[in-house]
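Here is how the chains run, residue by residue.
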Protein chains: 2
Amino acid sequence: MRGKTFIIAGPSGVGKGTITKELFARQRNLYFSVSATTRSPRPGEVDGVHYHFISREEFEQWIEQDAFLEHAEYIGNFYGTPKRFVDEAMERGEDVILDIEVQGAEQVHCKRPEAIRIFIAPPSWEELEHRLVSRGTESAEKVRSRLARAREEFAFAADYDYIVINNTLENAVEELQAIILAEHCRPDERVDLINGIS
Amino acid sequence: MRGKTFIIAGPSGVGKGTITKELFARQRNLYFSVSATTRSPRPGEVDGVHYHFISREEFEQWIEQDAFLEHAEYIGNFYGTPKRFVDEAMERGEDVILDIEVQGAEQVHCKRPEAIRIFIAPPSWEELEHRLVSRGTESAEKVRSRLARAREEFAFAADYDYIVINNTLENAVEELQAIILAEHCRPDERVDLINGIS
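Note that residues are indexed from 1 along each chain, following the sequence as it is written. Each chain gets a letter, beginning with A, and each ligand a number, beginning with 1, in the order they are written. Where local features are concerned, this predicted model is filtered to residues with pLDDT of at least 70; where side-chain atom pairs are given and counted, the filter is 80 or more; whole-chain, interface and lining totals use all residues. Computation of side-chain values covers all heavy atoms of the structure but excludes hydrogens and water.

Re the overall build of chain A
Think of it this way: any DSSP run of H or I at least four residues long counts as a helix, any run of E at least two long counts as a strand, and we number them from the N terminus. The helix and strand inventory of chain A stands at 8 helices and 9 strands. In this setup the radius of gyration rests on C-alpha atoms only. A globule is expected at 2.2 Å times the number of residues raised to 0.38. For 198 residues, the compact-globule formula gives about 16 Å, and the C-alpha radius of gyration of chain A, at 18 Å, lands near that figure. With the C-alpha coordinates of chain A rotated into their principal frame, the extents come out at 65 × 40 × 30 Å. Put simply, chain A has 198 residues, and 50% of those count as buried. By the convention used here, residues are in contact when the closest approach between their heavy atoms is within 4.5 Å. Within chain A, counting contacts between residues at least 6 apart in sequence, those at least 24 apart form 68% of the total. Taken as a whole, chain A presents about 9,800 Å² of accessible surface, with 49% of it coming from carbon and sulfur. The buried label applies to any residue whose accessible area, calculated with a 1.4 Å probe on protein chains only, is under 20% of its type's maximum; exposed applies above 50%, and partly exposed to all values in between. Residue burial considers only the protein chains on display, and all accessible areas are found by Shrake-Rupley using a 1.4 Å probe.

Below, the structure is given as structure tokens:
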């Protein structure tokens, strides 16, 4: 049985990374899509694990070959989701988890409308603000800019297949797992079995 | 939060009753829709628990008042799903489980297109045959007639929202619970929260 693609998107600071990590700790047969980037590896980052580190020329070639499901430039570096690894994983029967930005999710939705879109939302605006501030790694200005962007991103949520509220890690992961299992009960996946029966 | 309606349908002998019973044993906040019928109570049957026992006149009045989500005649008796109890349960925030025939499910789908339709399928044709025969309560002719009807009913499965294969009770109930939880992650239910945030 071919795997399915699940897009997990939401505003910066909402906890996508933590939720996704916990999902992988609990469930097998998942493939975490590793992004390609033109930025240099930081100490400890492993090629193919944290990112596929490729040159700018290679990246531009991949864009020309339509080899990305989505890509974007961020502070002078390119980031993108290579189609190839996603397709290979689905062929192996694994479900692909794309932990991406809301903008990127829109691009993937255009190219792969069958991919299931899950929006991760904070329980409240105050909570999102608190999470961004308490990281302590960013200036007040950067936090403000992230919050402004989050407001824009919320506008996309109503168009998603599912909205998962990250009130507790336990609830959020339980909902994600339910969504994945439920999507495998769709007729497209099981109608052959029915036809085989009748 | 208003509850949702889940239609659980499938061929006779597939195990809908057993699955539904186990679902209720595991999960709260569910309402089992009790049918109305014109047939006489059997020993031990309690009005309002096993059926709402009503007169033929009353039943015909309810039909006229469009008070049923679906109804049918079977061996001279009427059976139907009263709208009122379903709506009251949803208002209380309970999810309604309708354990009904495939024909009835089509009627409910027309009146309530937002109700989620789950088709319960046997793991194989042989298994369905085996289950019907091993009940030991029905003539060979009746078993044949039920199997013929099952073949017709399978044709509807592709049009359902979900297909649950009753290979083991454990799997089937786990999938049902996942579907119910996933359907509560739909944007229609959560978009107010998002709007409240942004």
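That shown, we press on.
Some details on the packing of helix 1 (residues 16-26) of chain A against helix 7 (residues 169-183) of chain A
Residue and element names in this part refer to chain A. Between N-to-C directions, angles cover 0 to 180 degrees, with each direction set by a line fitted to C-alpha atoms, over the stretch in contact for helices. Their axes nearest at 10 Å, the elements helix 1 and helix 7 cross at an angle of 60°. Considering the angle they form, helix 1 stands oblique to helix 7. Regarding helix 1 and helix 7, the two cross each other, and that crossing is right-handed. The segment helix 1 lies against helix 7, with Thr18, Ile19, Glu22, Leu23 and Arg26 engaging Leu169, Glu170, Ala172, Val173, Leu176, Gln177 and Ile180. Of the residues that constitute the contact of helix 1 with helix 7, the class distribution is 7 nonpolar, 2 polar and 3 charged. Each angle is binned into one of four classes, with values under 35 degrees roughly parallel, values over 145 roughly antiparallel, values of 65 to 115 roughly perpendicular, and all other values oblique. Less than a right angle of anticlockwise turn of the near helix away from the far helix marks a crossing as left-handed, whereas a clockwise turn marks it as right-handed. Each residue gets one label: Ala, Val, Leu, Ile, Met, Phe, Trp, Tyr, Cys and Pro are nonpolar, Asp, Glu, Lys and Arg are charged, and the others, such as Gly, are polar.

Regarding the interface of chain A and chain B
Counting from both sides, the interface comprises 32 residues of chain A and, opposite them, 32 residues of chain B. Both sides together, the interface formed by chain A and chain B hides about 2,700 Å², and carbon and sulfur atoms give 72% of it. Any carboxyl oxygen of Asp or Glu within 4 Å of a side-chain nitrogen of Lys or Arg constitutes a salt bridge here. At the boundary of chain A with chain B, the tally comes to 2 salt bridges. Note that Glu175(A) and Arg190(B) form a salt bridge whose closest N and O atoms lie 2.9 Å from each other. Pairs of N or O atoms within 3.5 Å make up the polar contacts considered here, provided that, within protein, one atom can donate a hydrogen while the other can accept it, and that residues adjacent in sequence are counted only when both atoms are side-chain atoms. Our enumeration of links across chain A and chain B arrives at 10 residue pairs in polar contact (both at pLDDT 80 or more). Sorting the residues of the side of chain A that touches chain B by element identifies strand 8 (116-121), helix 6 (140-154), strand 9 (162-165), helix 7 and helix 8 (187-197) of chain A as the ones contributing at least two each. Residue contributions to the side of chain A that touches chain B peak at 7 residues, all from helix 7 of chain A. Of the residues assigned to the side of chain A that touches chain B, the class counts are 23 nonpolar, 2 polar and 7 charged. Put simply, buried area is the surface a 1.4 Å probe can reach on two separate parts but cannot reach once they are joined, added for both.

Comments concerning the sheet that holds strand 2 (residues 30-32) of chain A
Residue and element names in this part refer to chain A. Between any two strands, at least two bridges found by DSSP are needed for them to pair. One open sheet accounts for 5 strands, arranged 2-7-1-8-9; its pairing is parallel. Every other strand in the sheet has two partners, leaving strand 2 and strand 9 as the edge strands with one partner each. Neighbour-to-neighbour, the strand axes of this sheet turn through a mean angle of 25°, independent of strand direction. Pairing analysis gives 4 bridges linking strand 8 to strand 9, with the strands arranged parallel. Across the sheet, Ile118 pairs through a bridge with Tyr162, a residue of strand 9. Running over the sheet, helix 1 touches strand 1 (5-9), strand 2, strand 7 (95-100) and strand 8 and is turned about 160° from strand 7.

Some words on the side chain of Arg117(A)
Residue and element names in this part refer to chain A. Here Arg117 lies in strand 8. At a separation of 2.9 Å, a polar atom in the side chain of Arg117 contacts the main-chain carbonyl oxygen of Asp159. When near neighbours in sequence (up to four residues on either side) are disregarded, Arg117 contacts Ile7, Glu106, His109, Asp159, Tyr160, Asp161 and Tyr162.

Things to note about the packing of aromatic side chains
The geometry of two aromatic rings is summed up by the distance between their centres and the angle between their planes. Aromatic pairs are defined between Phe, Tyr and Trp rings, using the six-membered ring for Trp, whenever the two ring centres lie within 6.5 Å; interplanar angles under 30 degrees are classed as stacked, those over 60 as edge-to-face, and all others as tilted. All told, the structure shown has 18 aromatic pairs over all chains when counted by the stated rule. To sit over a ring, a charge needs its Lys NZ or Arg CZ within 6 Å of the ring centre and within 35 degrees of the ring normal. Between the NZ or CZ atom of Arg117(A) and the centre of the ring of Tyr160(A), over which it lies, the distance is 5.0 Å. Here the guanidinium or amino end of Arg92(B) rests over the ring plane of Tyr31(B), the centre of that ring lying 5.8 Å away.

A short note on helix 3 (residues 83-91) of chain B
For helix 3 of chain B, the set of buried residues is Lys83(B), Phe85(B), Val86(B), Ala89(B) and Met90(B). Positive phi appears at Gly93(B), one or two residues downstream of helix 3 of chain B, with a value of about 90°.

Overview of the relation of the copies chain A and chain B
Between chain A and chain B, which share one sequence, the superposing operator has a rotation angle of 180° and an axial displacement of 0.0 Å; the RMSD is 0.0 Å. Accordingly, the operation relating the two chain copies is best matched by a two-fold axis. Closest approach to the rotation axis within chain A is made by the C-alpha atom of Ala178(A), at a distance of 2.1 Å. The fraction of interface residues of chain A whose copies in chain B are also interface residues reaches 100%, indicating that both copies meet through the same surface. Our superposition of the copies is a least-squares fit, built on the C-alpha atoms of residues whose pLDDT is at least 70 in both.

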